[in-house]
Amino acid sequence: MPESDLTWLSLLVFLPALFAAGLLVFPSRWHEAMRWWALFGAAATLGVSLCVVIGYYSMLDHTMDANGFPRYAVSTQLDARADRAASDAAQQIPKVMQSEDWITRRPWIARFGAQYALGVDGISLPMVILTTLVTFLAIIASWKIDKSVRGYLALVLILESGVIGTFLALDFFLFYVFYEVMLIPMFVLIGLWGGERRRYAALKFVIYTLLGSVGLLVALIGLYTVNVRDFVDQEEVRQEALKIAKSNTALTPELAAERVSIHTFDFVTLAKVGRAVMLVLNGQEDRLAAQLKFGEGGSNDATKQVRLFAPGVKPEEAIARLKSQPVCTKQFQYLFFAMLFLGFAVKVPIVPLHSWLPDAHVEAPTPISMILAGILLKLGGYGLIRVAFPICPWAASELAWWVGLIGVIGIVYGAFVAMGQTDFKKLLAYSSVSHMGFVVLGLAAWGSGDHSQYWQWGMDGAVFQMFAHGITASALFFVVGVVYDRAHHRDVNQFGGLKEPMPFYSGMAAILFFASMGLPGLCGFVGEFMVLAAAWDFSPALAVPAILSVILTAGYLLWTWQRVFLGTNTATQAFPDVSPREVAVLLPFVILAIALGIFPQALIFSWVDPSITGWVANLSVLK
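Since we're looking at a predicted model, the values are computed, not measured.

What counts and how
Residues numbered from 1 in each chain as written. Predicted model: local features only at pLDDT ≥ 70, side-chain atom pairs only at ≥ 80, totals over all residues. Heavy atoms only, no water. Pairing = 2+ DSSP bridges. Helix = DSSP H or I, 4+ residues; strand = E, 2+ residues; numbered from the N terminus. Buried < 20%, exposed > 50% of the residue type's maximum accessible area, 1.4 Å probe, protein only. Polar contact = N/O pair within 3.5 Å; in protein donor to acceptor, adjacent residues only side chain to side chain. Salt bridge = Lys/Arg side-chain N within 4 Å of Asp/Glu carboxyl O.

Draft legend 1. Here's a closer look at the pairing of strand β1 (residues 103–109). In the sheet, β1 pairs with strand β2 (residues 114–119) via six bridges, with the strands oriented antiparallel. Counted as the bridge partner of T104 is L118 from β2. In textbook terms, the turn of a hairpin is the stretch between consecutive antiparallel strands, and for β1 and β2 this stretch comprises four residues, one of which, G113, has a positive phi near 75 degrees.

Draft legend 2. Representation of the side chain of S432 within the structure. Relative to the elements of secondary structure, S432 occurs in helix α18 (residues 424–444). For S432, a relative accessible area of 1% translates into the label buried. There is a polar contact of 3.1 Å between the side chain of S432 and the side chain of H469.

Draft legend 3. The pattern of salt bridges, seen in detail. For the structure shown, the criterion picks out 12 salt bridges. With its nearest N and O atoms 2.9 Å apart, the salt bridge here joins D359 to K204. Residue D359 is located in helix α14 (residues 356–363), and its partner K204 is located in helix α8 (residues 198–224); the two are separated by 155 residues in the primary sequence. When sorted by exposure, D359 lands in the same class as K204, which is buried. Residues E235 and R238 are paired through a salt bridge, measuring 3.3 Å at the closest nitrogen-oxygen approach. Placement of both E235 and R238 in helix α9 (residues 234–247) is noted, with a separation of three residues, approximately one turn of the helix. For E235, a relative accessible area of 15% puts it in the buried group. Assessed through its relative accessible area of 48%, R238 is described here as partly exposed. The network of salt bridges with common partners includes R197, K204 and D359.

These figures come from the coordinates and say nothing about function on their own.
Have a look at this one:
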């Protein structure tokens, strides 16, 4: 029987690229047909992503925890599912792959151990849904693009494939490939379809991003050198020992086994190494233990043991091997966390690595600004959650306050600079810097023991904030695009009076402005409130300026609203209200902004929180 989740996840990743390839068969003048073909491809990808969400939620809902309740069973956590899949694949006669665990693994580059490994959980799936939704609406917003239509639409669809692949990859090498693939389409989209300074903006974007990618590449290579033999299924170690014994017949089986060195790009395995290193560096190595059954690790509340080693491994020998490696040093942990953090922080972006963002937004066409703000910035936050913190938790814990301070600086700085902007797009770009600072702050609010509940709030809030910001930021950039098509400028001070000729547009824009402001009952409030609550427990010194920044956010957004929509302006009196196509783009965003604010539990947290709970439980128990 074929592995159904392999089909679904691969289809989700590569379907947009297949539709991009399909554009090649269209005659060059069939622009309208190309648009409908690309829209159909984006709609199909959105449909597949929703099917994956339903399948994933069904898995959660049909698996009971130790108390008989659904959705929070340890066996449904990403690391448990990934461990079981890796163990099944490692057997001499591989077991039948499960079709309902939403994990798929296939050998890719066997020489280096790189795998085609994809998986979903409550952290990656919201980002995938956001990607497919924003791309679908961005293609509708692209209907007036008439320059090189085939190339434009193909690049947008290839970009979507790269981003989805990045969110689903469980292998660091595969992750890096997808991460780099999506840079090329964005560079070309800004450089060819942007404004007057498009080449400068595109070059600045790619230089900053490649600078971060260098850090990720060095971290990838360095982490691959770690010997993870005590964290993988021991059948893999035995098979490797047999190969060594065959190549050197003078070795006894025992000596061959001692020479075994296993290297991997697997996120889950590297994260287990990172957690073990944290316990060793904190002087708690006596808590390390072997799992009783592969894929059923975690901690024992009674004995305080943390089961990270593979079944059959002797903890004393494993700890000795771990201590002999550079990974188990403070210098290694600090250095590699810094490289991972900076690599992803460029994408968030944090201050002072943010200066590429305003230029990219100002020069990019409206649909590309929607994708940039709604999707690409989330790759930075996701990378910190999936890669940086789990793989280097000791350094993350030691530097948590400073990471939080970086988030607060971004929140306050972005709000202050946004207040001084007159270019509508540049104002929203700095607003994004401010809003994404809440993601960094929520992630940094490290808590253990009784305080772990607050950290969980912060993490829930960070993931929700990424999703909510993707909705409001994408919508607001389209709001700018609508009025730019009529006024042919973005100067906030020259608008005014849009409420009279464009009442429906003004009403929808008002809801989106208030959602971005964080008004209770709309999507922007939920994530920010949870992050601020976690930050207050973690450090009131960080929470206070973040809370006060809410006043700045309300100030610049309300002032912008007043300058653009209120008053009377003869220059805008003849502007037509939104067209049906523009309504088709804005209305889904408006509905989601309201629905997410009123029903956050039903729409997001019911299937996101179980993964956040497991993520926090894995790390909070280490300190």
